[in-house]
Each structure stands twice: as structure tokens, then as C-alpha cells.
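Summary of the model geometry
Residues per chain, in single letters:
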Amino acid sequence: MKHHQHLSLLFASVALVILLTSCGKNSDSEFEAYDNSQDMADHFAEHPDFFRFLTPDDLPTDLEWEDGMDLPEIGSPKAKKGGTFRRRIQDFPRTLRLIGPDSNGSFRGWILDYNFMQYAHRHPNYTEVKQGGFYFFPGVAKEWALDYAGKQVFIKINPDARWSDGEPITTEDVAFAFYFYQKDYHKQIWYNDWYKPGVNYSHVTVYDEHTFAVGLQERRPNMLNLVLELVPLPRHFYNEYGPDYNERYQWRSVTTSGPYIVKDSDIKKGRSIILSRHKDWWAKDLKFWRYRFNYDRMRFEVIRDSAKAFESFLRGDIDAVKLNLPEYWYDKLPNDSPLITQGYINKYQFYNDKPRPTYGLWINSSKPLLNNRDIRVGINYATNWDLVCEQYFRGDADRMRTSADGYGPFTHPTLKARPFDTDKALEAFAKAGFTKRGPDGVLVNDLGQRLSFDVSTGYESLKDVLTILREEALKAGLEFRVGILEATTAWKKVQEKKHEIHFVAFGVSPEMYPRYKETYHSERAYENAWTEDGQPNPDRKPKTQSNNLQLIAYKELDVIIEAYDNSESVDEMISLAMQMEEFLAEDASFVPGFVLPTMRVGAWRWIDYPEEFSVKISGEVREYRLDWIDEEKKKETLEAMKKGRTFDPVIKTIKKYAPKSN
């Protein structure tokens, strides 16, 4: 009864909003005025069991609230605010949208993943596990409570929480976020599938403007993660969210809960983009946040060529660069470089401990010849990743074993990637009918088809890796036609499933266990993958804008994935994960590449870091925004360089969080 009363009140308020906003003028003249209030109300009405509106009196009284305030601080009290951090991006972002086509590029992290505040955040150094998941510190939430038996997480929003335009963050933004993801206006099926009512989440219940609960379909080991790591979305900013969302919001800088915003005047398309720290950011003085996000501005300049970008760094036009690649760490900026020995540039090597990005070759098994498992097995044996690790990375990289390395007990303990073996490669290719070599050494079959495939990548800086793989593959009669693309162009190609073989890695979060559905379920591979009787649909077409880059589609694998996603038992999930990794290894459409256990950085001495440099589970040097600029040091350094004065060299290796094997 209370539910229907509150829903009626909601509809009445929505009607008023429609009346008031229909007279308004759209901010973008190229689009017709639109307001989604009625559409949202209709969506709520279509899913009354999912969107629930109750009162504070309906809130359970036996909840045990927690706030994570007893966890250790993050960052250094020595951090200084101010200054402009200058860095390079290889390609200009194709959109400022948070989701939708072309939104999953390398710039996404700076405006979303590293900037938007979740309800609460996993503590990056305190990695123990308790009932419901990891330990969390507050973000938008002030406190939360786990109802394990009821499969719910209750959250109270911090009353001081504000969007960057000053509007308060309320439960209206919470309910709107689910509406936003459940509608298909953004054209990204992952979000539709993940947030679909009854798939992962059973309901969102609003009690008042700051209190709500999110229900889960299953009693998962990481229930807290599945709810606390969600983000609210600014309902007032997205009041025009509708069928033309991808075009209407293409270049609108989203109102954020985090510290950095993008001003229209700071967007120089194709050249540069600037993030500015919001002076009145509501969380700037709070524990866990106060010693982070220290730069006033971060300027991203497009420099497509990595060699030119490094030259810009050596000139002092860029403040810091990654030195992960051995040619930079050992050759281009060796320890005996004058810039190092004179103390102008510092070098850091930091060991982290987290799930590893999935560097490897992703084979599109829907393509001719590549749909033959024997061909794929041969490609695995003909790909010499061990030589890449030893020669290109100079022994600093390890061979990736599975598609889910670094997940502790969820990583297969004995499974290993196929080694480079030309005899086994030739044997597999022969089974597929490739037994003769042409004059160029490439195998051909009786139809005259050459064993030759396009291998594309957006990693211009790793082009030499593919050179090694191409030269070694030819020993087994396999030709790799290597193509180096711009990063966003490359990602667009694989999202449209136009690739044959692609060299890329998915950046993985430090979650409790790996995900499989979005990458390996048949519904992410094809539109209408199966006929009614469960057979492969002969008319099926590859599904675009999904992460199933291998076009894997197996009924039996779908069953295991669904059992894994519905399991409440850690032991059962581990067993199912082992089965899936063995299945995927047998399929052979992913060739595991390499693992880098460290992050390496070169930074001018005016860029400072905490004593421990970064956090245990950091996957990117500036993911947690712990560094800062010392303007006095910068002035001192530039004057010293003019006068020939030097400083003590700084070359640090930080192993505090190194896995025991290191």
C-alpha cells in the first residue's frame, strides 16, 4: 500500500516537472527540446517490483551500520595542492560520454574510473576479505549495512555530498542511475544486461532522500562490492537522456561527484584537453580523500608518436612518463643518463599485487580459417611469447598462463599457456590441410589459400613485440600481417568485430574473482546465436559493442558461466572457474601473452610521491592520484640546470607490496 502511495506521489511530481520544463529552451540548439521525466516514470511503473519507494519507518531497525573510518589513511600529509601536471595522450578522446560508442577509450579513466566517486571504495592496501567482500572506506555514502540473509545492502548518502554544479546528491540520482543503464539509449549491451531487473539486482528501495537499499539476486561472496562500487548519476544533468543520447551528449562534460571537471573552453579538439580541480569539491577535506587529487589542473596533450612524446619529456615539456618498456628503462633513460646522475629526473620502479591485464592475441573465431580449432591451436604454438619476455622485456616480464592471472585461489594453479613449438604448430596446421610451403615460406592448402592473417593493435609503443612474433611465426609457416592503428581506431575495429587477430589487453579491476560472462558468453558473441532447438543459428551475426572479441559461443560454456554467476559458494565458484579456464584453453582462441609485475616511472624532480609511492592494488601510477607538484622544487631545478648545479640522483625500487615470488 505504501509503495503505491509513494509511486503516485512520484508520478505527480514528474508531471509537474514535465509542465515546468516543457517551456524551457534546450541548451544545444541542434537538438529539439526533450525531457525524460515521463519516460522515467513509465519505466518505474513497468518495473514496480524493482523500483520501490517506501518511508523511513519501513527501514529495518536491526541493521549494523559501518563507515570504514577505522581503516588507514591514503596518501601523504606532505602532499601539496596546486600546479599544472602535463602529460601526453596518444589520441584525442572521441567522446566525453561516460558510456556509449567510443567511450571505452584510454581517456575514460580520467573522467570516470579515477574521478567519479562510488558509494564506497575498496581500501587499496587493506586487502583482507570478510563476509560480503572487501573492506571499504566512504565515498558518496556516509555509512552502509549488509543484510546478508536478505541479500541487500543499505546505504546512507552523506548529506554533504554534492555534484560539481552544487546540486545535492540524493536517492533520486540513485534510482535514475538504474533507469539510465536499463534503457538501451546508450547502445551498450553490457550495461543493459548487467543492470537488467532480475539479473544481478532485484530492486532499489528508496526510503528518503539520503537512504536506500539495493537488493541482489544471489547471495554472492562479494555482495558489498556489487553495491558499494556503484555510482549515482546526476538526474538533473541527464534530464534529456533519450533515444539520441549518444549524439546529444557526445561532447557534454558530465557533472561529477569527484574532484575534476572539464570546461568547454579547455577542449581543443584533436590537440589537448584539460581537467580542472573543482575548488569547492565537497570531499576535499575528508579522510581518504584529502591527500589525493592534488593538481589544480591536468593538461593532456595529443602526441601520437611515442618517440616524440619521450623527447618532449626530456625537454621538460611533460612532467612524467611511464618507463614500463625496457627500451625506455634501460636504453633511452638509463641510470647513467646525465639527467639521472645530475638528479634532474627521478626513476621509480614499483611492485604491485593485483589481477593482471590480459595482454595477448585475441583471435576472431568467426573469420574464415580461424573458425578451425586446429588453426587456432597452431597459432598458439607458433607464437613465441617466451622470446618476447626474454628479448624484448629483457627477462623482466613473465609469460601469462591463463586469461585470469592474479586472482589468488580463482587462478588455475597448474594450467599453462602452450609454449612456442614449431613441430606442434606444423602438426596442427597439417590437420587443417596446410602441408606445403610457398616460395615465401608460408604454408598453403590444396585450394591455394595461404596461412596468413591480419594482426592489428592500437599499441604503437609495442610494435616491436609484433615484429618478434611475426618473424618467429614464419618459422612455422604462419604469416602475421601486422597493422599498427591509432588506439581509438583499433578499439573501434574490434568492437565492430572486424578484426582477424588483435593484440590488446583488458584492464582488469582488483576484484575478488574474474568475470567471464561479458567476455565469453554466447549472447555477447552473436545476435540470435542459437536456433529454437539449440543449434548454431546459420544466420547469426556478430554482436558489436561487446567484449567477446573471440566470438566464442558454446552452449556448454554458457551453462558453466551461468552457474558461476549464480553461485553463493566460494568453493563452487573456484571449481567452476577452473573448468572455464580449461575450456577456454582447449578452445585456443586466446593466446596468453605476458605479465609485467611492476610499474616504472620517470618524473622530473618537482613531481613528488608518497614514501610508499603507490598502493598495493594500483594498476596505473596515477589511478589513486597520490602525487603532487612542488613549485619551489621546479623553480630550483630549472635554475640549477641553467647554472650547472646538480642534485643527488634518485633511483628507487619499492617492493613493499611485491608478491612473495619477487
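Check the entry above for the structure.
Right, let's walk through the structure included here. (Residues numbered from 1 in each chain as written. Predicted model: local features only at pLDDT ≥ 70, side-chain atom pairs only at ≥ 80, totals over all residues. Heavy atoms only, no water.)

1. So, the pairing of strand β23 (residues 501-504)
Burial of the side chains of β23 extends over both faces: I501 and F503 are buried on one face and H502 and V504 on the other. Bridge analysis of strand β17 (residues 360-363) against β23 gives four bridges, and the strand direction is antiparallel. From the neighbouring strand, G360 faces β23, where its bridge partner is V504. (Buried < 20%, exposed > 50% of the residue type's maximum accessible area, 1.4 Å probe, protein only. Helix = DSSP H or I, 4+ residues; strand = E, 2+ residues; numbered from the N terminus. Pairing = 2+ DSSP bridges.)

2. A closer look at the packing of aromatic side chains
Overall, the coordinates contain 70 aromatic pairs when judged by the stated rule. Between F116 and W163, the aromatic rings sit 6.3 Å apart at their centres with planes inclined by 55 degrees, giving tilted as the arrangement. Of this pair, F116 sits in the loop between α3 (108-113) and β3 (120-122) while W163 sits in the loop between β8 (152-157) and α4 (171-182), and the two are 47 residues apart along the sequence. Residue classification places F116 among the buried positions, given a relative accessible area of 4%. Centre to centre, the rings of F176 and F180 are 6.0 Å apart; their planes meet at 50 degrees, and the pair counts as tilted. (Phe/Tyr/Trp six-rings, centres within 6.5 Å; stacked < 30°, edge-to-face > 60°.)

3. Quick word on the nonpolar core
By size, the foremost hydrophobic cluster in this structure holds 183 residues, and its most contacted members are Y201, L233, Y238, I379 and F429. Sorting elements by how many residues they give to this core places α4 first, with eight residues. Ignoring anything within four residues of it in the chain, the contact list for I379 reads I363, L370, F429, F453, L478, F480, I501 and V591. (Core = buried A, V, L, I, M, F, W, Y, C linked by side-chain atoms within 4.5 Å. Contact = heavy atoms within 4.5 Å.)

4. Considering the packing of helix α2 (residues 37-46) against α4
In contact at an axis separation of 11 Å, α2 and α4 are set at 90 degrees when each is read in the N-to-C sense. Compared by their axis directions, α2 and α4 come out roughly perpendicular. Residue-level contacts link D39, M40, H43 and F44 of α2 to A175, F176, Y179 and Q182 of α4. Taken together, the residues of the contact of α2 with α4 break down into five nonpolar, two polar and one charged. (Axes fitted to C-alpha atoms, helices over the stretch in contact; angles between N-to-C directions. Parallel < 35°, antiparallel > 145°, perpendicular 65-115°, else oblique. Nonpolar A, V, L, I, M, F, W, Y, C, P; charged D, E, K, R; others polar.)

5. Considerations on the sheet that holds strand β10 (residues 211-216)
What holds strands together in a sheet is hydrogen bonding between their backbones, with the strands either parallel or antiparallel. A sheet is described by the order of its strands in space; here five strands give the open sequence β1-β9-β10-β8-β7, paired in mixed fashion. At either end of the open sheet lies a strand with only one pairing partner, and these are β1 (51-53) and β7 (141-147). Averaged over all neighbouring strand pairs, the angle between strand axes comes to 20 degrees, with direction disregarded. Here β8 runs beside β10; their pairing, made up of five bridges, is antiparallel. Bridging across to β10, K156 finds its partner in T211.

6. Description of the pattern of salt bridges
This structure, assessed with the given rule, holds 41 salt bridges. Two residues, K130 and E66, come together in a salt bridge whose shortest N-O distance is 2.7 Å. Here the residue K130 occupies a position in strand β4 (residues 129-130), and E66 occupies one in the loop between β1 and β2 (84-89), the gap between them amounting to 64 residues. The partly exposed category is assigned to K130, whose relative accessible area is 24%. The partner of R373 in a salt bridge is E586, with the nearest N and O atoms 3.0 Å apart. Taken together, the residues R373 in helix α11 (residues 373-381) and E586 in helix α18 (residues 570-587) connect sequence positions 213 residues apart. (Salt bridge = Lys/Arg side-chain N within 4 Å of Asp/Glu carboxyl O.)

7. Focus: unusual backbone geometry
Glycine aside, residues mostly have negative phi angles, and peptide bonds mostly take the trans form. One non-glycine residue, K151, lies in positive phi territory at about 55 degrees. A positive phi angle is found at K187, which is not glycine, with a value near 65 degrees. If you trace the backbone, K187 turns up in the loop between α4 and α5 (189-195).

8. Digging into the sheet that holds strand β22 (residues 479-484)
The five strands are arranged β22-β21-β23-β17-β26 in an open sheet whose pairing can be described as mixed. Every interior strand has two partners, whereas the edge strands, β22 and β26 (590-592), have only one. Sheet twist, expressed as the mean angle between neighbouring strand axes with direction ignored, is 25 degrees. Across three bridges, the pairing between β17 and β26 is antiparallel. Within β26, the residue paired with G360 across the bridge is P592.

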